[in-house]
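Examination of the molecular architecture
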Amino acid sequence: MPQTTHFSAWLMMLALAAWLAGCASVPHPDESELAPPLPPMAYDPADSAPLPPPMIRARSRWTPVRWAELPGFEQDDTNQAWYAWLQSCERPGPVFAPLCDEVRRLTLATPQEQQQWMRARLRPYRVEALASASSEGLLTSYFEPVVRASRVQRPGFAVPLHRPPPGVSARGPWYSRQQMEQLPQARAALAGQELMWLADPVDALMLQIQGSGRAVVSEPDGRQRLVRLAYAATNGHPYKSVGRWLLDQGAVSDATWPGIKAWAARNPHRQQEMLWSNPRVTFFREEAMSELDANFGPRGAQGVPLTPGRSIAVDPQSIPYGTPVWISSSGPQAQLNRLVLAQDTGSAITGAVRADYFAGWGEEAGALAGRLKQPLRMWALWPR
């Protein structure tokens, strides 16, 4: 899985550092006070207690089930998911906040101990569509592109990325992508709002569609800096898929990002037409990245950094932010039975059984994100 080998080593180091830092400001006369025992857990190994009634949310029905229904639950390395859960505990909702002390204490527990705790404290609910009671939906994926950029416009770097121009969010739709390039008044409004310059307009489009990314920026003094480009606003126009446009034109059979870039390279005379087919433009803000920041994704809609392979975007009217979710998805791109955290959303992520899987950053993550589109089942894990 993209980034997981590098990330897993960091996960335990960072989690331990965070736990110790939390203890550092509190006097602790003996070792036992550093890790007080968890409260007694009423754990039923047979999982035979009566089930509660279903719960209805705005866009989904949650049907309680036995833990045995979750495919591969005992085989998952939940340690990999625990840092994502710790991140959610930095901004927990009222339902999960009471569990966060216990979550933190289990940071260095074994997966078996973490799974036993989940069985005792949580109940799995199969997520279903309201209208049809269908429990199968769609899993897609997204990632953080990594691009090279120049702080100033120069030969080879002529494609600007902009911060939001004044007033862009204060009214209805602003200028479209085509208008931003052609109308003098739009160009005047954007003058001076350039954050940096890229070499490839397709890379700029990819950043805008993903909503965030990383840039290795060459500064005027020759230094190179790694920065994050975070979502700041859009021009208010609806998103239109350039991949769908190319398929409708009969131009490609592979509408993944590699396929789109290959077509653009072969057809430079039609590249602008393709770009203008999507009128939506994203504006960014720049964020400094420390060595620690570089090991995690951007902040999702919950307001916490995303964890590669363990964070998903959901419809918050189906699953609240911060909810641990068990996902099961099998297809040509991935076999996934794992614990993830609902920490983000997106304009295309709507409906009951719908998730966008955060794959990480860079080319490998981009290859998975560009091709992952397969059936999905989901179980929300909710406090008893």
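In this report, the structure presented in the accompanying data block is examined. (Residues numbered from 1 in each chain as written. Predicted model: local features only at pLDDT ≥ 70, side-chain atom pairs only at ≥ 80, totals over all residues. Heavy atoms only, no water.)

**Digging into the overall build of the chain**
On a plain count of helices and strands, the chain comes out with 11 helices and 15 strands. By residue count, 50% of the 384 residues in the chain fall in the buried class. At a minimum sequence separation of 6, the contacts of the chain that also span at least 24 residues come to 79%. Total accessible area on the chain stands at roughly 17500 Å², and carbon and sulfur atoms take up 53% of it. (Helix = DSSP H or I, 4+ residues; strand = E, 2+ residues; numbered from the N terminus. Buried < 20%, exposed > 50% of the residue type's maximum accessible area, 1.4 Å probe, protein only. Contact = heavy atoms within 4.5 Å. Areas by Shrake-Rupley, 256 points an atom, 1.4 Å probe, with all protein chains shown as cover.)

**Some remarks on the environment of Met378**
Turning to its location among the elements, Met378 is positioned in strand β15 (residues 373-383). A sequence separation of 26 residues divides Met378 from Ala352, and the C-alpha atoms of the two residues are 9.2 Å apart.

**Let's talk about the state of the cysteines**
Inspection of the entire model under this criterion finds 1 disulfide. Paired through a disulfide, Cys89 and Cys100 show a sulfur-sulfur distance of 2.2 Å. Residues Cys89 and Cys100 are joined through a disulfide that is left-handed, its torsion about the S-S bond being -90 degrees. You can see Cys89 sitting in the loop between α2 (79-88) and α3 (100-105) and its partner Cys100 sitting in helix α3, a full 11 residues away along the chain. Across this residue pair, the class does not change: Cys89 and Cys100 are buried. (Disulfide = S-S within 2.5 Å.)

**Points about the packing of α2 against helix α4 (residues 111-121)**
Where α2 meets α4, the axes come as close as 10 Å, and the angle between the chain directions of the two elements is 55 degrees. By the angle between their axes, α2 is oblique relative to α4. Note on element contacts: α4 touches α2 through Pro111, Gln114, Trp117 and Met118, opposite Asn79, Trp82 and Trp85. (Axes fitted to C-alpha atoms, helices over the stretch in contact; angles between N-to-C directions. Parallel < 35°, antiparallel > 145°, perpendicular 65-115°, else oblique.)

**Here's the deal with helix α9 (residues 257-266)**
What α9 keeps buried is the set Trp257, Gly259, Ile260, Trp263 and Ala264. Projected down its long axis, α9 carries its buried residues within an arc of 160 degrees, all on one side. Exposed and facing more than 90 degrees away from the buried side of α9 are Ala265 and Arg266. Structurally, α9 contributes buried residues whose contacts are with α7 (201-210), α8 (242-248) and α10 (271-276). (Arc of directions from axis to C-beta.)

**Brief notes about the pairing of strand β9 (residues 224-234)**
Of the strand pairs in this sheet, strand β8 (residues 213-218) and β9 are connected by 6 bridges, and their pairing is antiparallel. Note that in β9 the partner of Gly213 across the bridge is Leu229. What sits between the antiparallel neighbours β8 and β9 is a turn of 5 residues, in which Gly222 has the positive phi angle 95 degrees. Here β9 runs beside strand β10 (residues 282-288); their pairing, made up of 7 bridges, is antiparallel. By the bridge assignment, Arg228 is partnered in β10 with Glu287. (Pairing = 2+ DSSP bridges.)

**Some thoughts on the side chain of Arg126**
Among the structural elements, Arg126 can be located in strand β3 (residues 122-128). Side chain to side chain, Arg126 and Glu128 meet in a polar contact 3.0 Å long. Those residues in contact with Arg126, other than ones at most four positions away along the chain, are Arg61, Trp62, Thr63, Val65, Glu69, Ser135, Met378 and Trp379. (Polar contact = N/O pair within 3.5 Å; in protein donor to acceptor, adjacent residues only side chain to side chain.)

**Let's talk about α7**
Counting buried positions along α7 gives 8 out of 10 residues, so the element sits mostly inside the fold. Count one or two residues on from α7 and you reach Gly211, which has phi positive near 90 degrees.

**What to know about the packing of aromatic side chains**
Going through the model one piece at a time under the given rule, you end up with 13 aromatic pairs. Between Trp62 and Tyr125 the ring centres are 6.1 Å apart and the planes differ by 45 degrees, which places this aromatic pair in the tilted class. A residue pair is termed long-range when its members are at least 10 positions apart, and Trp62 in strand β2 (residues 61-64) and Tyr125 in strand β3 qualify at 63 residues. Both rings, one in Trp85 and one in Trp117, keep their centres 5.6 Å apart while their planes meet at 65 degrees; by these two values the pair is edge-to-face. Placement of Trp85 in helix α2 and of Trp117 in helix α4 is noted, with a sequence separation of 32 residues between them. What makes Trp85 buried here is its relative accessible area of 2%. When its relative accessible area of 0% is taken as the criterion, Trp117 is described as buried. (Phe/Tyr/Trp six-rings, centres within 6.5 Å; stacked < 30°, edge-to-face > 60°.)

**Remarks on the side chain of Gln210**
With respect to the helices, strands and loops of the structure, Gln210 is situated in helix α7. Here Gln210 falls in the buried class, since its relative accessible area comes to 18%. With sequence-adjacent residues up to four places away left out, Gln210 is seen in contact with Tyr142, Phe143, Pro145 and Trp257.

**Side note on the pairing of β8**
β8 sits mainly inside the fold: 6 of its 6 residues count as buried. Across the two faces of β8 the burial is the same, with Gly213, Ala215 and Val217 and Arg214, Val216 and Ser218 all buried. As judged from the 5 bridges shared by strand β5 (residues 146-150) and β8, these two strands associate in the parallel manner. When the bridges of β8 are listed, Ser150 appears paired with Ser218.

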